[in-house]
There are 2 protein chains.
Amino acid sequence: MEILSLNQLKKLIDIGQLITDLEEGYVLYSEGRVEVPPVGFLNFEDPPGDVHIKYGYIKGDSVYVVKIASGFYNNPKLGISASDGLLLVFSQQTGKLESILLDECYLTDVRTAVGGAVAAKHLAPSNISAIGIVGTGVQAKMQLQMLQHVVDCNNCIIWGRNSEKIEVMVNDIKQNPDFWSKELIIEATTDMNYLTSNCNLIVTTTPAKAPLIMADQVRPGTHITAMGSDDKGKQELDAGLLEKADVLVADSRAQCIQYGEMSHGVNSGMISEDDIIELGNVINDISLGRKNDDQITIADQTGVAVQDIQIAKMVNGLLKTNN
Amino acid sequence: MEILSLNQLKKLIDIGQLITDLEEGYVLYSEGRVEVPPVGFLNFEDPPGDVHIKYGYIKGDSVYVVKIASGFYNNPKLGISASDGLLLVFSQQTGKLESILLDECYLTDVRTAVGGAVAAKHLAPSNISAIGIVGTGVQAKMQLQMLQHVVDCNNCIIWGRNSEKIEVMVNDIKQNPDFWSKELIIEATTDMNYLTSNCNLIVTTTPAKAPLIMADQVRPGTHITAMGSDDKGKQELDAGLLEKADVLVADSRAQCIQYGEMSHGVNSGMISEDDIIELGNVINDISLGRKNDDQITIADQTGVAVQDIQIAKMVNGLLKTNN
């Protein structure tokens with residue numbers, strides 16, 4: 001049995017391999033071959049905190065995975081991060097614990113960002129003028145970084161409400177020589193029109209509760225991956241944009257209809273559930289996705305447990321190979 | 001963060017302390033101060049296996065606990081034990097992981113056996129003629145061993161269906177110099193009448209699916225702890241015995257009515273739900289329990305998550321003190 005710290009884990013992540021593994025995971029999920037029971041919750045009042053316990057497995061696979069992730073919102077006052085977590089990988093043959101990945105939520109961040117890259121790989125137009133990143137948090141940076149593995153474009157525009165936060169993010173990127181393999185040209189803006197007029201691959205990564213991008217702002221030929229809406233009440237895209245789009249893709253149709261961007265479209269009657277296909281279906285049959293470079297495509301990502309299973313299995317597999 | 005192996009854990013168990021901690025736990029549980037969400041399950045077909053994920057906390061306490069326990073029934077063919085498990089102890093203040101207890105189900109076995117000792121401590125008659133143990137498995141041995149901490153009796157009678165299994169158990173006990181602090185006199189029998197006529201403190205520990213002890217076999221002044229019935233369809237005691245008994249105690253009334261011994265009494269109409277009190281109530285108010293040495297008392301134990309919380313917290317606390 002192996003126990004890995006965050007620093008040890010970081011050295012084991014192979015983004016190319018993970019893209020392939022997540023593609024496989026999304027396909028298996030959409031084929032109904034992933035067992036994911038309902039998430040377990042613990043809620044604390046004083047101090048305030050939430051714990052999510054997620055667990056599942058791919059049928060006939062080598063492992064099953066349990067993830068425990070927490071948010072304790074007073075932690076920053078104590079000088080420690082609010083979020084924490086770990087993943088446990090067990091054998092599906094014997095139930096024996098194979099590895100403990102003390103990832104402090106890093107693997108969740110990576111699998112989320114690589115999920116965005118997988119969506120862009122299968123849905124973005126053939127030529128990217130510039131990448132647009134909406135938001136300035138951890139995922140804003142990570143989603144951008146992962147896109148270099150799937151598209152050939154070295155221009156990006158970062159949008160944020162707050163100029164100082166954009167500056168922190170841009171400086172972070174510039175000071176990290178490993179961030180981008182070539183030279184990345186970064187522009188910053190607080191004007192969404194500037195971003196949408198210049199970018200045809202956009203990723204939204206905010207916890208917004210009202211639309212940031214309206215239907216009439218989006219040019220033909222744009223792909224948008226929206227990953228901020230992971231709970232009821234959150235919304236980054238105007239429901240009219242969903243109606244305007246040519247292809248609507250969800251990582252999990254059931255989840256996106258319940259609390260993703262798609263929920264606002266379905267609830268307002270501007271789209272129907274049948275308009276939405278799953279990412280796993282598009283990966284399996286590319287004809288279901290973008291048909292030409294003039295279409296607008298939207299991928300809604302709420303996060304699915306098979307992403308956790310696949311990243312934990314990848315690391316666990318590398319541990320076995322290295323031993 | 002500490003990680004403990006089974007051997008390290010075994011050295012940290014203080015039975016006296018654990019009895020006190022479980023008493024406190026049962027009381028808090030019966031006062032509604034323990035948060036225990038529904039158990040999570042994973043089921044595997046090939047090879048067959050079950051995983052239970054249990055988690056919870058005492059409100060206002062220092063920690064929360066997650067337990068993952070599995071049974072993979074083909075393991076013995078591979079020369080490894082069918083059951084396995086671990087407990088994770090997290091801070092209720094920050095969510096940070098404090099310890100990983102790789103107990104391989106040992107802590108579950110201990111907390112279950114000490115739960116039996118707690119029931120005997122509060123419900124057994126004042127003088128024990130002999131301890132009767134029904135069954136020859138792991139719990140049969142452990143329940144017996146734990147009773148020396150709560151009653152002053154060095155005579156026991158072990159009942160089993162299978163003479164060979166009884167012999168194995170008796171030899172195991174005799175070869176373990178740490179099993180009993182004084183000299184333990186052990187008799188073995190396959191005759192339940194012999195056990196019930198000679199013992200006034202009885203623990204049933206079998207996976208029986210039909211009653212092993214009938215109402216007319218039990219003498220006045222006997223206490224029985226039944227811990228075998230932890231699932232629907234299991235039964236060790238005749239429902240008529242529940243009707244005959246003077247005091248009926250459940251570790252969890254809700255659970256015992258659903259799938260413990262009490263379920264057979266309630267379902268047959270021989271007892272009503274209102275006849276059953278909880279162990280935590282008896283610990284809190286001894287007048288609710290045995291009133292004299294002629295009463296028959298029965299404790300039904302299905303196992304409650306607060307036992308896991310308390311044993312994990314005890315070990316975690318000792319780790320902190322030792323550091």
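Residues numbered from 1 in each chain as written. Chains lettered and ligands numbered in written order. Predicted model: local features only at pLDDT ≥ 70, side-chain atom pairs only at ≥ 80, totals over all residues. Heavy atoms only, no water.

**Q** Can you walk me through the overall build of chain A in this structure?
**A** Secondary structure assignment for chain A yields 11 helices and 17 strands. Computed over its C-alpha atoms, the radius of gyration of chain A comes to 19 Å, within 12% of the 20 Å expected for a compact globule of 323 residues. Projected onto its principal axes, the C-alpha positions of chain A cover 55 × 45 × 45 Å. Looking at the 323 residues of chain A, the share that counts as buried comes to 59%. Put simply, 70% of the contacts in chain A that link residues at least 6 apart link residues at least 24 apart. Distance from the positive charge centre (25 side chains) to the negative charge centre (42 side chains) of chain A: 3 Å. (Helix = DSSP H or I, 4+ residues; strand = E, 2+ residues; numbered from the N terminus. Rg over C-alpha atoms; globule rule 2.2 N^0.38 Å. Buried < 20%, exposed > 50% of the residue type's maximum accessible area, 1.4 Å probe, protein only. Contact = heavy atoms within 4.5 Å. Lys, Arg positive; Asp, Glu negative; His and termini not counted. Charge placed at Lys NZ, Arg CZ, Asp CG, Glu CD.)

**Q** In this structure, what is going on with the environment of V138(B)? I would like to understand it.
**A** Residues and elements named next belong to chain B. Along the chain, V138 turns up in helix α4 (residues 138-147). For V138, a relative accessible area of 53% puts it in the exposed group. Each C-alpha atom, one on V138 and one on F179, is 13 Å from the other, the two residues being 41 residues apart in sequence.

**Q** Explain the sheet that holds strand β13 (residues 223-226) of chain A to me, please; I cannot follow it from the model alone.
**A** Residues and elements named next belong to chain A. Spatial strand order, β10-β9-β8-β11-β13-β17-β15-β16: 8 strands in an open sheet with parallel pairing. Single-partner strands in this sheet number two, and they are β10 (185-189) and β16 (276-278). Here the strands of the sheet are splayed against their neighbours by 20 degrees on average, with no regard to which way each runs. Taken together, the 3 bridges between strand β15 (residues 247-250) and β16 define a ladder with parallel strand orientation. Bridge pairing in β16 links L248 to I276. Across the sheet, helix α3 (residues 106-123) touches β11 (201-204), β13, β15 and β17 (297-300), and the angle it forms with β13 is around 160 degrees. (Pairing = 2+ DSSP bridges. Axes fitted to C-alpha atoms, helices over the stretch in contact; angles between N-to-C directions.)

**Q** Is there a simple way to think about the interface of chain A and chain B in this case?
**A** Many analyses report the size of an interface as the accessible area lost when the parts associate. Chain A puts 37 residues into the contact, and the matching count from chain B is 37 residues. Roughly 2,900 Å² is buried in total at the junction of chain A and chain B, and carbon and sulfur atoms are behind 72% of that figure. For the interface between chain A and chain B, the tally reads 2 salt bridges. In this structure, K96(B) engages D84(A) in a salt bridge whose closest nitrogen and oxygen atoms are separated by 3.4 Å. Secondary structure elements with two or more residues in the side of chain A that touches chain B: β3 (40-45), β4 (48-58), β5 (63-72), β6 (83-91) and β7 (97-101) of chain A. With 6 residues, β6(A) is the single largest residue contributor to the side of chain A that touches chain B. Partitioned by chemical class, the residues of the side of chain A that touches chain B number 23 nonpolar, 12 polar and 2 charged. (Buried area = accessible area lost by both parts, 1.4 Å probe. Salt bridge = Lys/Arg side-chain N within 4 Å of Asp/Glu carboxyl O. Nonpolar A, V, L, I, M, F, W, Y, C, P; charged D, E, K, R; others polar.)

**Q** Looking at this structure, how should I read the packing of helix α2 (residues 15-30) of chain A against helix α11 (residues 305-322) of chain A?
**A** When two helices pack together, their arrangement is given by the angle between their axes and by how far apart the axes lie. Residues and elements named next belong to chain A. One way to put it is that α2 packs onto α11 with a least axis distance of 9 Å and a crossing angle of 140 degrees. Classed by the angle they form, the pair α2 and α11 counts as oblique. With respect to the hand of their crossing, α2 and α11 are arranged in right-handed fashion. Contacts between α2 and α11 involve Q17, L18, D21, L22, E24, G25, Y26 and Y29 from the former and V306, Q307, Q310, I311, K313 and M314 from the latter. Tallied by class, the residues present in the contact of α2 with α11 amount to 7 nonpolar, 4 polar and 3 charged. (Parallel < 35°, antiparallel > 145°, perpendicular 65-115°, else oblique. Left-handed = near helix turned anticlockwise from the far one by under 90°.)

**Q** Would you explain the packing of aromatic side chains in this entry?
**A** Aromatic rings in a pair are described by how distant their centres are and how their planes are angled relative to each other. The full count for this structure, using the stated rule, is 10 aromatic pairs over all chains. Relative to Y64(B), the ring of F44(A) lies with its centre 5.4 Å away and its plane at 40 degrees, an arrangement referred to as tilted. Of this pair, F44(A) sits in strand β3 while Y64(B) sits in strand β5 (residues 63-72), which puts the two residues in different chains. Each ring, one from Y64(B) and one from F90(B), has its centre 4.7 Å from the other, and the planes form 5 degrees; the classification is stacked. Note that Y64(B) is positioned in strand β5 and F90(B) in strand β6 (residues 83-91), a separation of 26 residues in sequence. Residue classification places Y64(B) among the buried residues on the basis of a relative accessible area of 0%. Aromatic rings pair up to connect F44(A), F72(A), Y57(B), Y64(B) and F90(B) into one cluster. In this structure, K10(A) is placed above the aromatic ring of Y106(A), and the distance from its NZ or CZ to the ring centre is 5.2 Å. (Phe/Tyr/Trp six-rings, centres within 6.5 Å; stacked < 30°, edge-to-face > 60°. Lys NZ or Arg CZ within 6 Å of the ring centre and 35° of its normal.)

**Q** Help me understand the relation of the copies chain A and chain B, please; the structure alone is not making it clear to me.
**A** The transform that puts chain A on chain B rotates by 180 degrees and translates by 0.0 Å along the axis, for an RMSD of 0.0 Å. When the rotation and shift are considered jointly, the pair of chain copies conforms to a two-fold rotation axis. When each C-alpha of chain A is compared by its distance to the rotation axis, G40(A) comes out closest, at 3.6 Å. (Least-squares fit on C-alpha atoms with pLDDT ≥ 70 in both.)

**Q** Just checking my understanding: could you explain the domain arrangement of chain A for this structure?
**A** Residue and element names in this part refer to chain A. Domain annotation for chain A reports domain 1 (2-107 + 306-322) and domain 2 (124-303). Placing a centre on the C-alpha atoms of domain 1 and another on those of domain 2 gives a separation of 24 Å. Across the domain 1/domain 2 interface, buried area totals approximately 980 Å², and carbon plus sulfur atoms make up 66% of it. Inspection of the region where domain 1 meets domain 2 yields 0 salt bridges. Here the side of domain 1 that touches domain 2 gets 7 residues from one element, more than from any other, and that element is α2. Grouping the amino acids of the side of domain 1 that touches domain 2 by side-chain chemistry returns 6 nonpolar, 2 polar and 2 charged. (Domains from an automatic or database assignment.)

**Q** Sorry, what's going on with the side chain of S252(A) here?
**A** With respect to the element layout, S252(A) can be found in the loop between β15 and α8 (253-259). Not counting the four nearest positions on each side in its chain, S252(A) is found in contact with Y29(A), E278(A) and V304(A).

**Q** Teacher, can you tell me more about the pattern of salt bridges here?
**A** Oppositely charged side chains can form a pair if their charged atoms are brought close together. Residue and element names in this part refer to chain A. For the coordinates displayed, the defined rule picks out 22 salt bridges over all chains. D308 is paired through a salt bridge with R111; the nearest N and O atoms lie 2.8 Å apart. Taken together, the residues D308 in helix α11 and R111 in helix α3 connect sequence positions 197 residues apart. Accessibility expressed as a relative area gives 3% for D308, which makes it buried. Of the residues examined, R111 reaches a relative accessible area of 4% and is grouped as buried. Linked by salt bridges that have partners in common, K67, R111 and D308 make up one network.

**Q** How do you make sense of the sheet that holds strand β11 (residues 201-204) of chain B when you look at a structure like this?
**A** Within a sheet, adjacent strands bond to each other through the backbone by hydrogen bonds, running parallel or antiparallel. Residues and elements named next belong to chain B. Strand order in this open sheet of 8 strands is β10-β9-β8-β11-β13-β17-β15-β16, and the pairing throughout is parallel. The open sheet has two edge strands with one neighbour each: β10 (185-189) and β16 (276-278). Across this sheet, the average inter-strand angle for adjacent strands is 20 degrees, counted without regard to direction. When strand β15 (residues 247-250) meets strand β17 (residues 297-300), the two strands line up parallel, connected through 4 bridges. Within the sheet, the bridge partner assigned to A250 lies in β17 and is D300.

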